[in-house]
Amino acid sequence: MSLTYPEAIVVGLFQGVTELFPVSSLGHSVIIPALIGGRWAKDLSVSAPESPYLAFIVGLHVATAIALLIFFRKEWVRIIGGFFTSIRDRQIQTPDQRLAWLLILATIPVGVTGLLLEHTFRTVLGKPIPAALFLAANGVILYAGELLRRRAPVRPATVDGEELPPDVASDLRLAKLGWGEGLLIGAAEILALLPGVSRSGATMVAGLTRGLSHEDAARFSFLLATPVILAAGVLKIPDLTGPLGAGIRGQVLVGSLVSGIGAYLAIRFLVRYFETRTLTPFAIYCTVAGLASAAWLSLT
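Residues numbered from 1 in each chain as written. Predicted model: local features only at pLDDT ≥ 70, side-chain atom pairs only at ≥ 80, totals over all residues. Heavy atoms only, no water.

Draft legend 1. Up close: the overall build of the protein. Across its full length, the protein carries 13 helices and two strands. For the protein, whose C-alpha radius of gyration is 19 Å, the value lies close to the compact-globule estimate of 19 Å for 300 residues. When its C-alpha atoms are laid out on the principal axes, the protein stretches across 65 × 40 × 30 Å. Across the 300 residues that make up the protein, the buried fraction comes to 50%. The contacts in the protein between residues at least 6 apart in sequence include a share of 79% that link residues at least 24 apart. In the structure as shown, the protein presents an accessible area of about 13600 Å², 69% of it carried by carbon and sulfur atoms. (Helix = DSSP H or I, 4+ residues; strand = E, 2+ residues; numbered from the N terminus. Rg over C-alpha atoms; globule rule 2.2 N^0.38 Å. Buried < 20%, exposed > 50% of the residue type's maximum accessible area, 1.4 Å probe, protein only. Contact = heavy atoms within 4.5 Å. Areas by Shrake-Rupley, 256 points an atom, 1.4 Å probe, with all protein chains shown as cover.)

Right under this line is the structure:
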């Protein structure tokens, strides 16, 4: 495989942004090179049995995960602290302890399924037209989530009559999720193994149907995505240090830098966006872009 620096920069940018926007980074990584055609379509294919391009884009996940860790650094200090204190005390009582174990429990379904079926899903379905159709389906999922969501009121959290900071208040609300609800939201990540279906979109929709606000659903989705994205990237690092990474390691570094910056800016935007807005614009984009891409690719 030959991966140029312009390709690495473009792929890194849209991977970092679309990984967190509810529009599917893998779907765009498959569809965009096919739409451009020529060398891009040849160089950037994830459906090959041993795809250096897949190793490249999954390697970019490390940069995205680092951006998430930096943005939510205060939350992860509390969550990790809660995990270790729960081990020490052999009990789960505090909100931080409960949120830590909720995230662990919610990560299990996609972790197991990904190890068993990721290769099959990618090689069979990781082609431009199926990815475009799944992108359109992602739009339908997002819109269905808006129609089916439970509109539970969001009440400010207080301690001794004093209102808590928004991030702490949100984590307190998330910690009240039931174990079954956390498992259900985490299981929604399995849909993201289909190229074109968004990880954050699927988990947000699951959260909305369990009564979370858009803000809390997005927050839980980003926290839940962090260990999954990081693990996916770390597992592919050995590929990049071996034969699959020959000749593209400089491109990986440049792409990762761009991806990390794009991811951080995307998080900042989305956290504020979902304080007052919905998934509907993303649903419209995915449906239109997916159907139009499928039609165009079928004719070329």
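Structure's up, so let's keep going.
Draft legend 2. Broad picture of a nonpolar patch on the surface. On the surface, Ile 108, Val 112, Leu 116 and Leu 117 cluster together into a nonpolar patch covering about 370 Å² of accessible area. Summarising the element assignment, Leu 116 is placed in helix 6 (residues 95-125). (Patch = residues over 30% accessible without salt bridge, like charges linked within 9 Å, V, L, I, M, F, W, Y side chains within 5 Å. Salt bridge = Lys/Arg side-chain N within 4 Å of Asp/Glu carboxyl O.)

Draft legend 3. Up close: unusual backbone geometry. The residue Ser 24 is not glycine, and still its phi comes out positive at about 75°. Here Ser 24 is to be found in the loop between helix 1 (5-18) and helix 2 (25-36). One non-glycine residue, Arg 90, lies in positive phi territory at about 55°. One can find Arg 90 in the loop between helix 5 (73-89) and helix 6.

Draft legend 4. View of the nonpolar core. Core analysis: the largest hydrophobic core is formed by 50 residues, its most contacted members being Leu 20, Leu 103, Phe 220, Phe 274, Leu 279 and Phe 282. Top element by residues in this core is helix 11 (residues 214-241). It accounts for eight residues. Contacts of Leu 103, omitting those with residues within four sequence positions, involve Trp 76, Ile 79, Phe 220, Leu 223 and Leu 224. Core analysis: the next-biggest nonpolar cluster, separate from the first, contains 16 residues, Trp 40, Tyr 53, Val 58 and Ile 248 among them. (Core = buried A, V, L, I, M, F, W, Y, C linked by side-chain atoms within 4.5 Å.)

Draft legend 5. Layout of helix 7 (residues 128-148). With 21 residues, helix 7 should reach 30 Å at 1.5 Å per residue; the first-to-last C-alpha distance of 30 Å fits that figure. What helix 7 keeps buried is the set Ala 131, Ala 132, Leu 135, Ala 136, Asn 138, Gly 139, Leu 142, Gly 145 and Glu 146. (Expected span 1.5 Å × (residues − 1).)

Draft legend 6. Geometry of the environment of Ala 283. Counting through the fold element by element, Ala 283 comes out in helix 13 (residues 280-299). For Ala 283 and Phe 72, which are 211 residues apart along the polypeptide, the C-alpha to C-alpha distance reads 26 Å. For Ala 283, the contacting residues outside a window of four places in its chain are Gly 139, Leu 142 and Tyr 143.

Draft legend 7. Spatial organisation of the layout of surface pockets. Taken as a whole, the second largest pocket encloses approximately 440 Å³ of empty space. As for the second largest pocket, its lining consists of 19 residues, of which Phe 71, Glu 75, Asp 167, Arg 219 and Val 271 are closest to the centre. Element by element, the count of residues in the lining of the second largest pocket is highest for helix 12 (residues 249-273), at five residues. Across the lining of the second largest pocket, the residue classes tally to nine nonpolar, one polar and nine charged. (1 Å grid on protein atoms, 1.4 Å probe; cavity = no way out; pocket = protein on both sides within 12 Å on 5 of 7 lines; lining within 4 Å. Points joined across faces, edges and corners; volume = space filled by probe spheres on them. Nonpolar A, V, L, I, M, F, W, Y, C, P; charged D, E, K, R; others polar.)

Draft legend 8. The packing of aromatic side chains, seen in detail. Under the defined criterion, the tally for this structure stands at eleven aromatic pairs. Between Phe 21 and Phe 269, the ring centres sit 5.8 Å apart and the planes meet at 10°, which makes this aromatic pair stacked. A residue pair is termed long-range when its members are at least 10 positions apart, and Phe 21 in the loop between helix 1 and helix 2 and Phe 269 in helix 12 qualify at 248 residues. Taken together, Phe 21, Phe 269, Tyr 273, Phe 274 and Phe 282 form an aromatic cluster joined through their ring pairs. (Phe/Tyr/Trp six-rings, centres within 6.5 Å; stacked < 30°, edge-to-face > 60°.)

Draft legend 9. Expanded view of the environment of Pro 243. Looking at the secondary structure, you find Pro 243 in the loop between helix 11 and helix 12. When its relative accessible area of 79% is taken as the criterion, Pro 243 is described as exposed.

Draft legend 10. Examining the packing of helix 11 against helix 12 more closely. Between helix 11 and helix 12, whose axes approach to 14 Å, the crossing angle comes to 175°. Taken together, the axes of helix 11 and helix 12 are roughly antiparallel relative to one another. On helix 12, the residues touching Phe 222, Leu 240 and Thr 241 of helix 11 are Arg 249, Val 252, Leu 270 and Val 271. (Axes fitted to C-alpha atoms, helices over the stretch in contact; angles between N-to-C directions. Parallel < 35°, antiparallel > 145°, perpendicular 65-115°, else oblique.)

Draft legend 11. Local environment of the side chain of Thr 107. Residue position: Thr 107 is located in helix 6. At a separation of 2.6 Å, a polar atom in the side chain of Thr 107 contacts the main-chain carbonyl oxygen of Leu 103. What Thr 107 contacts, discounting residues up to four positions off in sequence, is Leu 224, Pro 227 and Val 228. (Polar contact = N/O pair within 3.5 Å; in protein donor to acceptor, adjacent residues only side chain to side chain.)

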